[in-house]
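Residue-level structural notes
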Amino acid sequence: MGLRALQQSQGACLAPDGIPLHFGDSQGAWQAALHSAVLLDRSHEARMRLAGASAADLLQRLSTNDVLAPGLNQGCPTIFTNWHGRVLERVEIWREAEGLLLLGGPGRAAPLRDYLQRNIFFNDDVQITDLAPDHSLFDLIGPTAPALLQLPHAGRNGCKLGRAELAGHDLQVAPRKAPGVPRLSLLLPAAAAADLWQTLCGAGALPAGSLLFNALRVRAGLPAAGSELTTDYIPLELGLWDEVSFSKGCYTGQEIIARMESRGQLAKMMMRLRPASAVEAPAELLHEGRVAGRLTSSVTAPDGVRHALGVLRVAQAEPGALLQTAAGVQLEVLAPAGVQPGG
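Calculation notes
- Residues numbered from 1 in each chain as written.
- Predicted model: local features only at pLDDT ≥ 70, side-chain atom pairs only at ≥ 80, totals over all residues.
- Heavy atoms only, no water.
- Helix = DSSP H or I, 4+ residues; strand = E, 2+ residues; numbered from the N terminus.
- Buried < 20%, exposed > 50% of the residue type's maximum accessible area, 1.4 Å probe, protein only.
- Pairing = 2+ DSSP bridges.
- Contact = heavy atoms within 4.5 Å.
- Axes fitted to C-alpha atoms, helices over the stretch in contact; angles between N-to-C directions.
- Phe/Tyr/Trp six-rings, centres within 6.5 Å; stacked < 30°, edge-to-face > 60°.
- Lys NZ or Arg CZ within 6 Å of the ring centre and 35° of its normal.
- Parallel < 35°, antiparallel > 145°, perpendicular 65-115°, else oblique.
- Left-handed = near helix turned anticlockwise from the far one by under 90°.
- Nonpolar A, V, L, I, M, F, W, Y, C, P; charged D, E, K, R; others polar.
- Salt bridge = Lys/Arg side-chain N within 4 Å of Asp/Glu carboxyl O.

Along the chain, Ala 281 connects to Pro 282 via a cis peptide bond; the corresponding omega equals 5°. For Pro 282, the position within the fold is in the loop between β14 (268-275) and β15 (283-287). A positive phi angle is found at Ala 167, which is not glycine, with a value near 50°. Position of Ala 167 among the secondary structure elements: in the loop between β10 (162-166) and β11 (169-175). Using a relative accessible area of 41% as the deciding quantity, one classes Ala 167 as partly exposed.

This is the structure:
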């Protein structure tokens, strides 16, 4: 039985791209994510490997973080920005013996590959390999996720890239920025995907879908491609201070970002919001009848609690402030999202 048939036999409702949206028991999956572990198919996310003597230098001159700092099997998140310092792509990078592993957002493989390819100079030694044709990508999310893989050390601590053997197959295990609970991404042979999915479910992981992932990431205040990670914003406005180096050499967009940091004042901030009732994003947000910002993500979690993210003008980005959409839905400003200076 193939992976999609197996998932459908478990009750999966599939999105048009074939990725499960949910498996029916949303409440059970939510509790499992918070207290044990869920298994998600994230094979719509970008995954590629860069090899060659110039690969690390290419990423260093194009992105916000110091990608030369991590040692072997260590990694860091970084952001590609345009010349105006606005977000193009966000990836997480790990240094391997044979090159650099990049994991990006859903549906971002082609734009990311094209962007990198356009910036390879004639004398650069860089080869880009799209891993999607031969490798699936699963996520184990939840407090017991590392234990399910029986990892002694690798894959548990920090951003260390590890390996695990499961059902006779070799997996790469990459700890990702956590959506409020531990997240391990598993890079595995596509031919073994169904076998490994069944094995992980048998070990205790509850199958879940992308709707659960979205609820977790909005609850945790993490920006996503197409919602917050767009050319409308610079990384600092999205609470991504920990993904920007202020001591490395030049990169595309550095001048604008450095100027924002040195002045110590942003025009906008991403904030966590609490809607009074269900509301769809995107939507304009108003304060006392004037535009205060934009609602970028909104979700009602399976436990019934509503969560939202919005990018607001700093004057209205105050905890306790009340906002409204044009349709009259009220939202309370809770707190800044993401990591702030000194965080």
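Here the narrative resumes, following the displayed structure.
Turning next to the sheet that holds β11. Across the sheet, which stays open at both edges, the six strands sit in the order β10-β11-β12-β9-β3-β13 with mixed pairing between neighbours. Single-partner strands in this sheet number two, and they are β10 and β13 (206-207). Of the strands in this sheet, β3 (38-41), β9 (135-141), β10, β11, β12 (183-189) and β13 touch helix α6 (residues 193-202), which is tilted by about 10° from β9.

Looking now at the packing of aromatic side chains. Here the distance between the centres and the angle between the planes together describe a pair of aromatic rings. Per the counting criterion, the structure on display carries four aromatic pairs. Ring geometry for Phe 23 versus Trp 197: centroids 6.1 Å apart, planes at 25°, classification stacked. Placement of the pair is Phe 23 in the loop between β2 (20-22) and α2 (26-35) and Trp 197 in helix α6, with a sequence separation of 174 residues. No difference in accessibility class separates Phe 23 from Trp 197, as the two residues are buried. Taking 5.9 Å as the distance between ring centres and 45° as the angle between the ring planes, the aromatic pair formed by Trp 241 and Phe 246 counts as tilted. The class of Phe 246 is partly exposed, set by a relative accessible area of 39%. Put simply, the rings of Phe 23, Phe 138 and Trp 197 touch in pairs and so form one group of aromatic residues. Sitting over the ring of Phe 213, Arg 42 keeps its end group 3.8 Å from the ring centre.

So, about the packing of α2 against helix α7 (residues 210-220). The N-to-C vectors of α2 and α7 enclose an angle of 50°; their axes lie 10 Å apart at closest approach. In terms of orientation, α2 and α7 fall into the oblique class. Both α2 and α7 take part in a crossing whose hand is right-handed. Counting all contacts with α2, which are made through Ala 29, Trp 30, Ala 33 and Leu 34, the residues of α7 involved are Leu 212, Ala 215, Leu 216 and Arg 219. Of the residues assigned to the contact of α2 with α7, the class counts are seven nonpolar, no polar and one charged.

This part covers the sheet that holds β15. Around the barrel, which closes on itself, the six strands sit in the order β14-β17-β16-β15-β18-β19 with antiparallel pairing between neighbours. When the angles between neighbouring strand axes are averaged without regard to direction, this sheet yields 40°. Here β15 runs beside strand β16 (residues 290-300); their pairing, made up of five bridges, is antiparallel. Across the sheet, the residue bridging to Leu 286 is Val 291, located in β16.

For the rest of this paragraph, the subject is the pattern of salt bridges. All told, the structure shown has 17 salt bridges when counted by the stated rule. The salt bridge partner of Glu 45 is Arg 176, with a shortest N-O separation of 3.3 Å. Here Glu 45, found in strand β4 (residues 45-51), pairs with Arg 176, found in the loop between β11 and β12; they are 131 residues apart in sequence, far enough to count as distant. Each of the two residues, Glu 45 as well as Arg 176, counts as buried. When the shortest N-O distance is used, the salt bridge between Arg 176 and Glu 92 registers 2.9 Å. Remark: Glu 92 occurs in strand β6 (residues 87-96) and Arg 176 occurs in the loop between β11 and β12; sequence separation between them is 84 residues. The pair formed by Arg 176 and Glu 92 is uniform in burial state, with each residue classed as buried.

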